[in-house]
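# Commentary on secondary and tertiary structure
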Amino acid sequence: MLKRIPWKKVWVVLLVIFVLIQFKTVDKTNPELIIENDFLEMTNAPSEVVELMHEVCYDCHSHSVRYPWYSKIAPVSWWMKGHVDNGLGKSNFAEWSGYSSVEQDSILTRSSRLVGLKWMPIITYKITHSEARLSLEQREMLIDYFDSIER
Ligand code: HEC
């Protein structure tokens with residue numbers, strides 16, 4: 001009763017779909033960076049915090065997003081862009097000056113909590129970025145810094 005699956009055709013169809021979706025590209029240009037509006041700049045962060053946050057937060061929460069080679073390939077490109085847009089929508093450290101003090105307070109409180117819970121950086125990011133698997137000391141450093149900001 002069972003019909004044989006025509007694997008060859010299936011693969012050809014999949015290949016065609018894969019090629020076609022490559023035409024739907026995403027805009028990956030970073031908006032212009034205005035350094036005076038940046039969180040780390042405005043709060044005069046120590047260099048170890050600057051380095052760490054650039055490494056593990058700024059790929060999604062700033063205008064300094066570094067896109068890896070595989071981000072050029074759909075559907076990975078859509079998925080990654082979604083993360084960046086979503087992360088930026090929640091908190092953009094590059095436009096810190098645009099937030100009210102209530103918003104800043106809320107982002108800092110959440111940042112502390114999420115880093116403490118190991119929810120940030122998000123888990124899928126940690127798979128491909130080993131530097132984002134933070135040690136206890138690194139997490140404490142970030143949390144102490146977020147908590148130390150006057151608000
Ligand atoms: C790979 C992308 C990525 C990285 C890296 C990343 N985030 Fe996020 N972040 C997101 C996304 C996506 C969301 C939205 C999550 C959601 O709504 O479920 C988010 C949400 C947040 C929020 C808002 C949460 C809320 O409750 O509204 C804060 C604060 C935050 N991230 C802080 C950080 C900090 C601090 C770091 C670095 C230690 C970091 N993130 C690293 C992608 C990222």
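Source: prediction; values computed, not measured.

## Remarks on the packing of helix α5 (residues 101-116) against helix α7 (residues 136-148)
At a minimum axis distance of 9 Å, the contact between α5 and α7 shows a crossing angle of 165 degrees. In terms of orientation, α5 and α7 fall into the roughly antiparallel class. Crossing hand, α5 versus α7: left-handed. Across the interface between the two elements, L108, S111, S112, V115 and G116 from α5 touch R139, L142, I143, F146 and D147 from α7.

## Details of the nonpolar core
Of all hydrophobic cores here, the largest spans 23 residues; its most connected members are F39, M53 and L142. Within the residue set of this core, elements represented by two or more residues are α2 (39-42), α3 (47-56), α5 and α7. Sequence-distant contacts of M53, defined by excluding residues within four places in its chain, comprise F39, L40, Y58, F93, L142 and F146.

## Considerations on the packing of aromatic side chains
One pass over the full model with this rule turns up 8 aromatic pairs. Arranged with centres 6.1 Å apart and planes meeting at 70 degrees, the rings of F39 and Y145 form a pair that is edge-to-face. One end of the pair, F39, is in helix α2; the other, Y145, is in helix α7, and 106 residues separate them in sequence. Classification of F39 as buried rests on a relative accessible area of 0%. The interplanar angle of 45 degrees and the centroid separation of 6.4 Å between the aromatic rings of F39 and F146 together place this pair among those described as tilted.

## Re the side chain of Q104
Assignment of secondary structure puts Q104 in helix α5. When residues no more than four places from it in sequence are discounted, the contact partners of Q104 are W96 and Y99.

## Some points on the site of the ligand
Around the ligand sit 20 residues, and of these C57, C60, H61, R110 and M120 come closest. Here a nitrogen atom of the ligand sits 2.7 Å away from a polar atom, N or O, in the side chain of H61. In this structure, R110 approaches the ligand through a side-chain N or O atom, which is 2.7 Å from an oxygen atom. Where the shell around the ligand is concerned, the elements lending two or more residues are α4 (76-90), α5 and α7.

## Digging into the pattern of salt bridges
Within the structure shown, the criterion is met by 3 salt bridges. For R66, the salt bridge goes to E55, with nearest N and O atoms at 3.4 Å. Separated by 11 residues along the polypeptide, R66 in the loop between α3 and α4 and E55 in helix α3 bring together distant segments of the chain. The partner of K81 in a salt bridge is D85, and the shortest N-O contact between them spans 3.5 Å.

Criteria and cut-off values
Residues numbered from 1 in each chain as written. Predicted model: local features only at pLDDT ≥ 70, side-chain atom pairs only at ≥ 80, totals over all residues. Heavy atoms only, no water. Axes fitted to C-alpha atoms, helices over the stretch in contact; angles between N-to-C directions. Helix = DSSP H or I, 4+ residues; strand = E, 2+ residues; numbered from the N terminus. Parallel < 35°, antiparallel > 145°, perpendicular 65-115°, else oblique. Left-handed = near helix turned anticlockwise from the far one by under 90°. Contact = heavy atoms within 4.5 Å. Core = buried A, V, L, I, M, F, W, Y, C linked by side-chain atoms within 4.5 Å. Buried < 20%, exposed > 50% of the residue type's maximum accessible area, 1.4 Å probe, protein only. Phe/Tyr/Trp six-rings, centres within 6.5 Å; stacked < 30°, edge-to-face > 60°. Near = heavy atom within 4 Å. Polar contact = N/O pair within 3.5 Å; in protein donor to acceptor, adjacent residues only side chain to side chain. Salt bridge = Lys/Arg side-chain N within 4 Å of Asp/Glu carboxyl O.

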